[in-house]
Amino acid sequence: MTNPIHIFSEIGNLQTVMLKRPADEVQNFTPQMMQRLLFDDIPYLPIAQKEHDQFAQVLRDNGANVLYLEELVAEVLNGQRPEVKQQFVKTILAESGHTRGAITAALNEFLLNMPTDLMVAKIMAGIRKSELDVGAWSLVRAAEDEDYPYYLDPMPNLYFTRDPSAFIGSGLTINNMTFAARKRESLFTELVINYHPMFAGQNIPVWRDRNQIGRIEGGDELILNDHVVAIGISERTSAEAIEDVARSLFAAGQFDTVLAISIPKTHATMHLDTVFTMVNHDQFTVYPGILDAKGDIDTWIMHPGDDQHDLRVTHRTDLKNVLKEVLNVSELDMIQTGGGDPIIAGREQWNDGSNTLTIAPGVVVTYDRNFVSNQLLIEHGIKVLEVASSELSRGRGGPRCMSCPIARADL
Ligand SMILES: NC(=O)NCCC[C@H](N)C(=O)O
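Under the annotation held in an unreviewed UniProt entry, the protein carries the name Arginine deiminase and is attributed to Lentilactobacillus senioris DSM 24302 = JCM 17472. In its Subcellular location (unreviewed entry) section, the UniProt record describing the protein reads: "Cytoplasm".

(A) How the structure looks around the overall build of the protein. Along its length, the protein carries 13 helices and 19 strands. Expected size for 411 residues packed as a compact globule is a radius of gyration near 22 Å; at 21 Å, the protein falls within 12% of this value. Along the first, second and third principal axes, the C-alpha set of the protein runs to 70 × 50 × 40 Å. When each of the 411 residues of the protein is scored for burial, the buried share is 58%. Here the analysis covers contacts within the protein between residues at least 6 apart in sequence; of these, 71% occur between residues at least 24 apart. For the protein, the exposed surface amounts to about 16,700 Å²; the carbon and sulfur share of it is 49%. Put simply, the protein has 35 plus and 55 minus side-chain charges, and the middle of one group is 3 Å from the middle of the other.

(B) Highlighting the packing of helix 3 (residues 69-77) against helix 9 (residues 185-195). Contact pair helix 3 / helix 9: the axes reach a minimum separation of 9 Å and the direction vectors enclose 55 degrees. One finds that helix 3 runs oblique with respect to helix 9. As helix 3 runs across helix 9, the sense of the crossing is left-handed. Within the contact between the two elements, helix 3 uses Leu69, Leu72, Val73, Val76 and Leu77 and helix 9 uses Phe188, Leu191, Val192 and Tyr195. Of the residues assigned to the contact of helix 3 with helix 9, the class counts are 9 nonpolar, no polar and no charged.

(C) Layout of the domain arrangement of the protein. Domain assignment breaks the protein into domain 1 (14-69 + 156-408) and domain 2 (71-152). A straight line from the C-alpha centre of domain 1 to that of domain 2 covers 31 Å. Counting residues at the interface gives 20 residues for domain 1 and 19 residues for domain 2. Across the interface of domain 1 and domain 2, roughly 1,900 Å² is buried in total on both sides, 70% from carbon and sulfur atoms. The largest contributions to the domain 1 side of the interface with domain 2 come from Arg184, Phe188 and Leu191, which together make up 30% of the buried area. With a shortest N-O distance of 2.8 Å, Arg210 and Glu95 are connected by a salt bridge. One can count 11 residue pairs in polar contact (both at pLDDT 80 or more) joining domain 1 with domain 2. With 5 residues, helix 9 is the largest single contributor of residues to the side of domain 1 that touches domain 2. A class-by-class count of the residues in the side of domain 1 that touches domain 2 yields 12 nonpolar, 2 polar and 6 charged.

So, how was this worked out
- Residues numbered from 1 in each chain as written.
- Predicted model: local features only at pLDDT ≥ 70, side-chain atom pairs only at ≥ 80, totals over all residues.
- Heavy atoms only, no water.
- UniProt positions renumbered as here; feature names shortened; annotations may be inferred.
- Helix = DSSP H or I, 4+ residues; strand = E, 2+ residues; numbered from the N terminus.
- Rg over C-alpha atoms; globule rule 2.2 N^0.38 Å.
- Buried < 20%, exposed > 50% of the residue type's maximum accessible area, 1.4 Å probe, protein only.
- Contact = heavy atoms within 4.5 Å.
- Areas by Shrake-Rupley, 256 points an atom, 1.4 Å probe, with all protein chains shown as cover.
- Lys, Arg positive; Asp, Glu negative; His and termini not counted.
- Charge placed at Lys NZ, Arg CZ, Asp CG, Glu CD.
- Axes fitted to C-alpha atoms, helices over the stretch in contact; angles between N-to-C directions.
- Parallel < 35°, antiparallel > 145°, perpendicular 65-115°, else oblique.
- Left-handed = near helix turned anticlockwise from the far one by under 90°.
- Nonpolar A, V, L, I, M, F, W, Y, C, P; charged D, E, K, R; others polar.
- Domains from an automatic or database assignment.
- Buried area = accessible area lost by both parts, 1.4 Å probe.
- Salt bridge = Lys/Arg side-chain N within 4 Å of Asp/Glu carboxyl O.
- Polar contact = N/O pair within 3.5 Å; in protein donor to acceptor, adjacent residues only side chain to side chain.

Next comes the structure, spelled out in structure tokens:
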């Protein structure tokens, strides 16, 4: 078995991709919990699943091998070593706030007595207090937050597989996520990388792991070509984490340029890929709201350093010129979300009109609801494969967010 990870562009033919089919976790919450769980509405699950299945089929029809996170996790935990399963449950419980006492013991027993695939689904969907017989009387249960319905919160954002990890070159970052609602998600990737037969024992480089201080999410990590990575400084990714990633990539001799691009720190523009994606060798989508009146945006170009400094950093604001230089192209087509109309651009960016998933040079998957941006892409020569999006879009992520590429063909 050789290392299956191969990501040296945003646009090479998509060969292997990891998804998570939405399940009970996207409907196990109330409006009161919504904001904390980073959702703006509660999806209708049967339609969300239908839309997601269509998305997966489009990827398969275009040559991608679609893997499901929930299946990879269950395969690991069904494997030869029971101690891996026991340790995983212990870690999930600890990161959900349960480290000792009667409730922790009851949760542990409840989960370990289930068939593994149901156990995985349950951990993802959340565990209600009413599902568990704690047995022993517990002051914690009687007195602490007694009206709150869950012992383990659901993880509704799991279908945005882009964010908890990012495959870059022949390795990956396993991410320290920003908000509590998503922190536990990267435990699943960590488990799969360490123990799944597809990855285990192959010295896969982890450019930055989830235990490092400083937050980073995959929606901010874009691999522009085999020597340039762009990372957003955003609501979810800190400059500190970007420096760490740059240092590890440079030390390994994979990639020689990291662009750090500063975007507005808001929920609607949470990651770089909600406002900027690469769709062809010399074409990008961009949401005009991230540029100032002169069309500028703070960008830092980082290269390996010299004897005195481990990184060489240059500040620029003319992103288009920077991209032309680092990608070595003479012209660049920046396609504006919503065609630049402020109402349409705002509306379609909110519904992930900039969040295209490129599956081959000039071929993208987008949400059907962003019809103005989609038409514009077509007019710029891009082949657009639309997927239904009424329910999936309620989680505030689009086709790029819903996919975690593991391998792409070289350009
Ligand atoms: N890459 C992305 O932009 N992912 C979208 C994540 C949406 C999710 N509700 C979140 O707030 O994290």
